[in-house]
Amino acid sequence: MDRVIVTVVGVVATIGFSAIVFIGANKLFDLSENRFAVFNSVLGGVSAAAVFGLLWGNRMLTSPILVTVIAAAIGALTGLGLGVYKSARTRMLIGIGSGAALGLILGATVRSQFWPSIDWLAAVTGLAAGTVIGVLIWVITGRRRSLVPRLMLGLAFGWVIGGWVAADFTATLAEDGTLVSGTTAGSQMEAVLVALVLGLLVGVWVGSFTYPDKVERAEISRASRKYIFLLPALAFVIGTLVIPLARTIWLGFLTGNPTDLQWAGLANYQNLFTDPNMIDFENWTMLFESRLFWGAVVLVILGIALGRWLGRSGGTGLGTGFSLSAGTLSLLAGGVTLLGFSIFVAVRGTLSNNLWWVFSVIIFAVILGLGVAVLADRSKGENIAKSLIFLPMAISFVGASVIWRLMYVPRPPGEPQTGAFNAVWVQIGEWSNDTTATTIIVAILMVVIAGLLYLAWRGRQAGSTAILAGSLVFTLPFFWLIYRFLGPGIGGFVINDAGEVVADPIFFITTAPWNNFWMMVVFIWIQTGFAMVIFSAAIKAVPEELVEAARIDGATESQTFWRVTVPQIFPTIGVVVTTLIVTVLKVFDIPKVMTNGNFDTQVLANEMWERAFTQLNFGLGSAVAVLLFVGVLPVMFFNIRRMQRERLR
Amino acid sequence: MTATRRPPSTVKTAGDGPRPLGKRIYGFLRSIPTWVLWVLVLVWSIPTIALFVNSFRERDAQRGSGFWNAWQDPANGFDFPTLQNYQEVLFPDVGAGLGNALLNSAAIAIVATVIPVAIAAFAAYAFAWIDFRGREWIFIATVALLAVPTQVSLIPLLSAFSQGVHMTIPIIERTITLIPDANLSGTIPSVWLTHTGFAMPFAIFLLHNYMAGLPRDIFESAYIDGADHFKIFWRLVVPLSVPVLAAFAIFQFLWTWNDYLIALTMIGGSAEALPATVVVASLAGEFGAREHLLTAGAFVITVVPLVVFFFLQRYFVRGVTAGSVKG
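Residues numbered from 1 in each chain as written. Chains lettered and ligands numbered in written order. Predicted model: local features only at pLDDT ≥ 70, side-chain atom pairs only at ≥ 80, totals over all residues. Heavy atoms only, no water.

**What to know about the overall build of chain A**
A tally of regular secondary structure across chain A gives 24 helices and 4 strands. Structurally, chain A occupies a C-alpha span of about 105 × 65 × 60 Å along its principal axes. Considering chain A as a whole, with its 649 residues, one finds that 47% of them fall into the buried category. When contacts within chain A are restricted to residue pairs at least 6 apart in sequence, those whose partners lie at least 24 apart make up 69%. When the accessible surface of chain A is summed, it comes to about 31900 Å², and 70% of that surface belongs to carbon and sulfur atoms. Taking the average place of the 41 positive charges on the side chains of chain A and the average place of its 34 negative ones, the gap between the two points comes to 14 Å. (Helix = DSSP H or I, 4+ residues; strand = E, 2+ residues; numbered from the N terminus. Buried < 20%, exposed > 50% of the residue type's maximum accessible area, 1.4 Å probe, protein only. Contact = heavy atoms within 4.5 Å. Areas by Shrake-Rupley, 256 points an atom, 1.4 Å probe, with all protein chains shown as cover. Lys, Arg positive; Asp, Glu negative; His and termini not counted. Charge placed at Lys NZ, Arg CZ, Asp CG, Glu CD.)

What follows is the structure, encoded as structure tokens:
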């Protein structure tokens, strides 16, 4: 029970704290307009505390807490003074005074290992360089604002480098030219001197700001909002996306274990691409021996032929002489799918697996999503149907993997099958070996074929070549089924030596290479809902007038769909496809939970995880992550172009 | 002058044979799709039903027969339906300690939903209604980051959480600490921070789409009345944006509740802080003695999102479709 309390307290505290900080920032800048002094003093205190806090975090101060508090107090007082006095001279005095004070404190409390030994040459060079930089900045910003602040900033920067840091530079070049880690033997006096000058320079900078009048104060209040509103979001984006991305790319060029990384150039990438587990062309000639491949070729040829035949009476769709319709598209789509599958089965490896995932998921999720959206459109119980298809989206990938593992599980022969798939498969096997069952099934199949033939004949009578062709093509699988039932049998069985029929379940998850596909089914099961919901909204968004006009012109349902609706939703199809690509390239949960990448099912995300966190090879893991990133780059560019077109008109 | 009337429908349209025949074919064709749809819906729901039914069966019952035979369990000497799986899986001393993990999941999901919603709402408002230089480009850059996969940031983020962020200047061999080691590795706050960062692009995209569509006049009259951005945001925009804020909140809640990769990476070994997805995933890795707990565990982590989904799916759907559909 106290776990619950701890959790609740933690949640409320975090949310509360963030709210307070944010609202606090807003209220603070609210003050700037009418209570400038208060605002300025808070600003001063916070800035001073931040600077000294950074030094504290770097362990550069003795008695850090005390120092930071004092510095904050000085900063607040300075701010207060600058918020009250308007005369330029007073302000300069205040600035110089506090700058000197802070400088003295810094010099007095910085740890001995940071004491500089002043190399006057380096210091003067630093000051000169700083002057140049300051003037440059002033020139670049158009000489609009006063030179002095920029000059001061440049000088301060140059002084730090020249007076403080440069000493280290010279100390690290030993006589024989090797780099030796520098130990500077400085003194407290020099530290105080350097810090004092630094403080004075910064103080002049601060003191050179003029007291803002009412208009300028209102401007501060107004202009600050965009920073307050945007900064948290942008800070998170830069901190968790941009910088880590850059660092990962950098890490991809390093090798070794996490505490001792060395430059390796392209070695990681070479390693990856020559690894047969990544991509394996060894058996690619198998492609031409596979039934899948030739079946695919046949389907594609049939599809093209059908398209041409249907289109000979004047083509539409893909130009002259070719007709795009349900029949041709299904043949072509089927052919292309099988073609892709045959390639991915012949060429193995992690990369091939990822490409296979992308290929399958896009084809099946889009087709199923579109299909359901169309079927459900304006039918009874539309919302219920759509909700039930969309339901799996709420299930985590981990949960879905468990669910489907239950569906796929095989039991040894002799035990009843508990997984739905194997139960059906083994049952069909039993039926095909049992004469009564076979007779009944064949009879049913013959009725279906008769029905399809009748439909074809009626279609021909009605002049619809689509129905005619479609029905005829659809009879083919049923003929094949009859052949299998009567002949060699179909289903999960095997005849053992004693001539008995023994159950032979399929090991869906562990049998390469098709286990990949069975895992993709899980993903498709989840994401089809997403595609369906978007397509459904898109179909409903097609302007009524277009559909009406097509109907009046005499188009059939099918023609209206393919030639009016589909072109209208092309952009939506693009959005769905790109979103799916992004989601599927990083698929991790399903392979990790179902096989952990074994049995030839490895994917890039899991590979990266293993390399980086199990083998602690950050370099190689980062290289794989970079590969993943390269994979989504096209999608990123596509999105950027799309947004540019929309927004920068 | 008579108004043109649409000609009566004895005109033959292409694709029609003699009318009764055409009508019959049409009718038949029109009804097939509805059956196909419902068969598909049924087949689609079978896996979830299987899990649900199996989670109420005893271990040996699950081993022995498929979920469609569950009703025969009592006849075979098994207790059905039984709650023993749920008991075992939820309570720490016996089973997998999923009860604890569920609390962690809730802690992660709630904070990782509320904070991104708030931060993104402010940013989206700024992008929509505050004019500043470079607004378009920063917006496009931020939303383009939507596509970046999580994997790309994991390694550096994990390093940052466990060791802090340091920069070593090569020649003088000095290391500057930018962010000190706050001892965040293996804790839930690291997951909060990661989720917030990753949610930003989508959140800003979604909320901005909506906020930019609010009518101009309300802003103008507010300006005239002297309100500044903060007041306008708080008093006008937020109440008006509740639908899209709700949509994103639900989306983000489901996403963070169901997340596996980020929690696994950031929390890793610290068992008390692991959320439910990681615990169930590790259960799934064991074959044998505790397999029966898997169904109950999986159902438990699924039920919360399902409930949220059922009651709030209207908003969820709106969140998913926003910005994807033209017109």
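**Here we look at the overall build of chain B**
For chain B, the count of helices and strands is 13 helices and 2 strands. The 327 residues of chain B split such that 50% are buried. Within chain B, residue pairs in contact and separated by at least 24 positions form 69% of the contacts whose partners lie at least 6 positions apart. Put simply, chain B shows about 15200 Å² of open surface, and 65% of that area lies on carbon and sulfur atoms.

**Here we look at the nonpolar core**
Looking at soluble globular proteins, one finds that nonpolar side chains tend to be buried together. One finds F229, W357, W404 and I590 of chain A together with Y125 of chain B to be the most contacted residues of the largest nonpolar core, which totals 208 residues. Counting residues per element, this core draws most heavily on helix α4 (residues 98-129) of chain B, at 21 residues. Each residue touching W357 of chain A, except ones within four places of it in the same chain, is listed here: N516, M519, M520, F523, V584, V587, I590, P591 and V603 of chain A. Listed in part, the 15 residues of the second largest apolar core include M60, I105, W115 and A191 of chain A. (Core = buried A, V, L, I, M, F, W, Y, C linked by side-chain atoms within 4.5 Å.)

**Some points on helix α7 (residues 188-207) of chain A**
In an α-helix, one turn spans 3.6 residues; hence positions three or four apart end up facing the same way. In this model, α7 of chain A (20 residues) spans 28 Å end to end at C-alpha, consistent with the 28 Å of a helix rising 1.5 Å per residue. Buried residues of α7 of chain A: A191, V192, V194, A195, L198, G199, L201, G203, V204 and G207 of chain A, and no others. (Expected span 1.5 Å × (residues − 1).)

**A closer look at the packing of helix α24 (residues 618-647) of chain A against helix α5 (residues 135-144) of chain B**
It is at 10 Å that the axes of α24 of chain A and α5 of chain B come closest, and there the two elements cross at 145 degrees. When the axes of α24 of chain A and α5 of chain B are compared, the crossing they make is right-handed. Where α24 of chain A abuts α5 of chain B, its residues M636, I640, M643, Q644 and R647 of chain A lie against E136, W137, F139, I140, V143 and A144 of chain B. Across the contact of α24 of chain A with α5 of chain B, the residue classes tally to 8 nonpolar, 1 polar and 2 charged. (Axes fitted to C-alpha atoms, helices over the stretch in contact; angles between N-to-C directions. Left-handed = near helix turned anticlockwise from the far one by under 90°. Nonpolar A, V, L, I, M, F, W, Y, C, P; charged D, E, K, R; others polar.)

**Overview of the environment of A112 of chain B**
Residues and elements named next belong to chain B. Looking at the secondary structure, you find A112 in helix α4. For the pair A112 and W192, spaced 80 residues apart in sequence, the C-alpha separation works out to 5.2 Å. When neighbours within four sequence positions are excluded, A112 is seen to be in contact with W192, H195, Q252 and T256.

**Notes on the side chain of H208 of chain B**
Examined against the element boundaries, H208 of chain B turns out to sit in helix α7 (residues 188-211). Setting aside chain neighbours within four positions, we find H208 of chain B in contact with R647 of chain A together with A124, F127, A128, F139 and A203 of chain B.

**A closer look at unusual backbone geometry**
Residues and elements named next belong to chain A. Residues A512 and P513 are joined by a peptide bond in cis, for which omega reads -10 degrees. Backbone geometry at N596 places phi at a positive 55 degrees, although glycine is not the residue there. One can find N596 in the loop between α22 (589-594) and α23 (604-614). Given the relative accessible area of 30%, N596 is considered partly exposed. Within the chain, L616 stands out as a residue other than glycine whose phi angle is a positive 55 degrees. By secondary structure assignment, the location of L616 is in the loop between α23 and α24.

**Quick word on the confidence of the model for chain A**
Predicted coordinates in areas of low pLDDT are best not read in detail. Of the residues in chain A, 91% reach a pLDDT of 70 or more, and the chain-wide mean stands at 82. Contacts of residues 170-174 of chain A to residues separated by more than four positions or lying in other chains number 13 contacts, the stretch itself having pLDDT below 50. (pLDDT = per-residue confidence, 0-100.)

**Details of a nonpolar patch on the surface**
On the surface, a nonpolar cluster with roughly 470 Å² of combined accessible area is contributed by V303, V307, F310, F311 and L312 of chain B. Of note, F310 of chain B is situated in helix α13 (residues 291-321). (Patch = residues over 30% accessible without salt bridge, like charges linked within 9 Å, V, L, I, M, F, W, Y side chains within 5 Å. Salt bridge = Lys/Arg side-chain N within 4 Å of Asp/Glu carboxyl O.)

**Topic: the interface of chain B and chain A**
When the parts of a complex come together, some accessible area is lost, and that lost area is often taken as the interface size. Listed per partner, the contact involves 122 residues of chain B and 121 residues of chain A. Interface area lost by chain B to chain A is led by W44, Q151 and I155 of chain B, which between them contribute 8%. Taken together, chain B and chain A are joined by 7 residue pairs in polar contact (both at pLDDT 80 or more). Ranked by residue count, the leading element in the side of chain B that touches chain A is helix α1 (residues 19-54) of chain B, at 21 residues. Residue composition of the side of chain B that touches chain A, by class: 80 nonpolar, 31 polar and 11 charged. (Buried area = accessible area lost by both parts, 1.4 Å probe. Polar contact = N/O pair within 3.5 Å; in protein donor to acceptor, adjacent residues only side chain to side chain.)

**Details of the packing of helix α4 (residues 88-109) of chain A against α7 of chain A**
All names here are of chain A. At their nearest, the axes of α4 and α7 sit 7 Å apart, and the two run at 155 degrees to each other. One way to sum up the angle between α4 and α7 is to call them roughly antiparallel. For the element pair α4 and α7, the recorded crossing hand is right-handed. Across the interface between the two elements, R91, M92, G95, I96, G99, A100, G103, L104, L106, G107 and A108 from α4 touch Q188, A191, V192, A195, L196, G199, L200, G203, V204 and G207 from α7. When the residues that make up the contact of α4 with α7 are grouped by side-chain class, the tally is 12 nonpolar, 8 polar and 1 charged. (Parallel < 35°, antiparallel > 145°, perpendicular 65-115°, else oblique.)

**Re the side chain of N617 of chain A**
Position of N617 of chain A among the secondary structure elements: in the loop between α23 and α24. Within polar-contact distance, the side chain of N617 of chain A engages the backbone nitrogen of L620 of chain A at 3.2 Å.

**Digging into the pattern of salt bridges**
Residues and elements named next belong to chain A. Considering all chains together, one arrives at 9 salt bridges over all chains under this definition. One salt bridge in this structure joins D275 and R611, with 3.5 Å as the shortest N-O distance. Of this pair, D275 sits in the loop between α9 (267-273) and α10 (291-311) while R611 sits in helix α23, placing them 336 residues apart in sequence. Taken as a pair, D275 and R611 share a single burial class, namely buried. Two residues, E607 and R611, come together in a salt bridge whose shortest N-O distance is 2.8 Å. Of this pair, E607 and R611 both sit in helix α23, separated by 4 residues, roughly a single helical turn. Accessibility expressed as a relative area gives 14% for R611, which makes it buried. Connected via shared salt-bridge partners are D377, E382, K386 and K540.

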